[in-house]
Amino acid sequence: MKPPRLIAIGRLKPGPEAALFAQYNARLRPPFAVTELAEAQGSPAEARRREGAALLAALPEAAYAVALDLGGAAPGSEALAALAARWEATGRPLCFLIGGAEGLDPAVLARADHRLSLGPLTWPHFLVRGLLAEQWYRVQAIRAGHPYHRAWRPRRD
């Protein structure tokens, strides 16, 4: 199986965000292949446009693109595991797109095959990498029947 690809704006520097991502990415089988793109300068709209163009340029043409976006669907972990199975069944390379501090350009959202939210809270874009890696590890655990995910815990559905 080809590793899923994480294409993100910004270069992660050593620190707690990088450590969190590294911890969970090391558990993934296979781990995320990471492509980091430079943060753009300019007005918020211009930075978003430039970063969007860079994300789209880095995205393989046939990729199944999942944009991490506050306005996207926010499934529970079991539902995300079901989505992951459907995405992988397409046979297309799976790529997750994380924008910069200004968010994702409308062109990126238009290209995305799926918009995924990690909930209604706004997360710093560097922290999103670690949150996504943990959830992807949880997805793998759910699909493998591993006890990491405790399905018995009460949920707020």
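For the structure itself, look to the data block above.
Throughout this description, residue numbers start from 1 for each chain and increase along the sequence as written. Local features in a predicted model are, by the rule used here, given only for residues with pLDDT of at least 70; side-chain atom pairs are given and counted only at 80 or more, and totals for whole chains, interfaces and linings are based on all residues. The basis for the side-chain values is all heavy atoms of the structure; hydrogens and waters are excluded.

Asker: Please clarify how the nonpolar core should be interpreted in this entry.
Answerer: Considering soluble globular proteins, one finds that nonpolar side chains tend to be buried as a cluster. With 24 residues, the main nonpolar core has Phe32, Trp87, Phe96 and Trp136 as its most contacted residues. Among the secondary structure elements, those contributing two or more residues to this core are strand 1 (5–9), helix 1 (16–27), strand 3 (64–73), helix 3 (77–89), strand 4 (94–98) and helix 5 (125–144). In this description a helix means any DSSP run of H or I spanning at least four residues, a strand means any run of E spanning at least two, and both kinds are numbered starting from the N terminus. Per-element accounting of this core gives the leading share, 6 residues, to helix 5. Leu55, Leu59, Ala63 and Ala65 belong to the second largest nonpolar core, which has 14 residues in total. In plain words, nonpolar cores are sets of buried Ala, Val, Leu, Ile, Met, Phe, Trp, Tyr and Cys residues tied together by side-chain atoms within 4.5 Å. When accessible area is computed with a 1.4 Å probe and restricted to protein chains, residues below 20% of their type maximum are described as buried, those above 50% as exposed, and intermediate ones as partly exposed.

Asker: Quick question: what am I supposed to make of the environment of Ile9 here?
Answerer: Within the element layout of this structure, Ile9 appears in strand 1. Residue classification places Ile9 among the buried positions, given a relative accessible area of 0%. The spatial distance from the C-alpha of Ile9 to the C-alpha of Gly52 is 9.1 Å, given a sequence separation of 43 residues. Pairs of residues are marked as contacts when any of their non-hydrogen atoms sit within 4.5 Å. Beyond its immediate chain neighbours, meaning those up to four positions away, Ile9 contacts Leu37, Ala38, Glu39, Glu51, Leu55, Ile98, Gly99, Gly100, His125, Phe126 and Arg129.

Asker: Quick question: what am I supposed to make of unusual backbone geometry here?
Answerer: What you tend to see is this: most non-glycine residues have negative phi, and most peptide bonds are trans. Across the junction of Arg29 and Pro30, the peptide omega takes the value -5°, indicating a cis bond. By secondary structure assignment, the location of Pro30 is in the loop between helix 1 and strand 2 (33–37).

Asker: Help me understand the pairing of strand 3 in this model?
Answerer: The side chains of a regular strand alternate, first on one face of the sheet and then on the other. Here strand 3 lies mainly inside the structure; 7 of its 10 residues are buried. Pairing analysis gives 4 bridges linking strand 3 to strand 4, with the strands arranged parallel. From the neighbouring strand, Tyr64 faces strand 4, where its bridge partner is Leu94. A crossover links strand 3 with its parallel partner strand 4, the connecting element being helix 3, and its sense is right-handed. Pairing between strands requires that DSSP locate at least two bridges from one strand to the other. The sheet contact formed by strand 3 and strand 5 (residues 114–116) spans 4 bridges and is parallel. Considered in strand 5, the bridge of Leu68 is made with Leu116. Handedness of a crossover is defined as follows: with both strands directed away from the viewer, a clockwise route from the first strand across the helix to the second makes it right-handed.

Asker: Whenever I open this one, the packing of aromatic side chains confuses me. Can you help?
Answerer: Aromatic rings in a pair are described by how distant their centres are and how their planes are angled relative to each other. Two rings from Phe, Tyr or Trp (for Trp, the six-membered ring) form a pair when their centres are within 6.5 Å of each other. A pair whose planes differ by under 30 degrees is stacked, one over 60 is edge-to-face, and the rest are tilted. In this structure the tally under the stated criterion is 7 aromatic pairs. Ring centres of Phe32 and Trp136 lie 6.4 Å apart, and the angle between their planes is 35°; this geometry places the pair in the tilted category. Taken together, the residues Phe32 in the loop between helix 1 and strand 2 and Trp136 in helix 5 connect sequence positions 104 residues apart. With a relative accessible area of 2%, Trp136 lands in the buried category. Taking 5.1 Å as the distance between ring centres and 70° as the angle between the ring planes, the aromatic pair formed by Phe96 and Trp136 counts as edge-to-face. Remark: Trp136 occurs in helix 5 and Phe96 occurs in strand 4; sequence separation between them is 40 residues.

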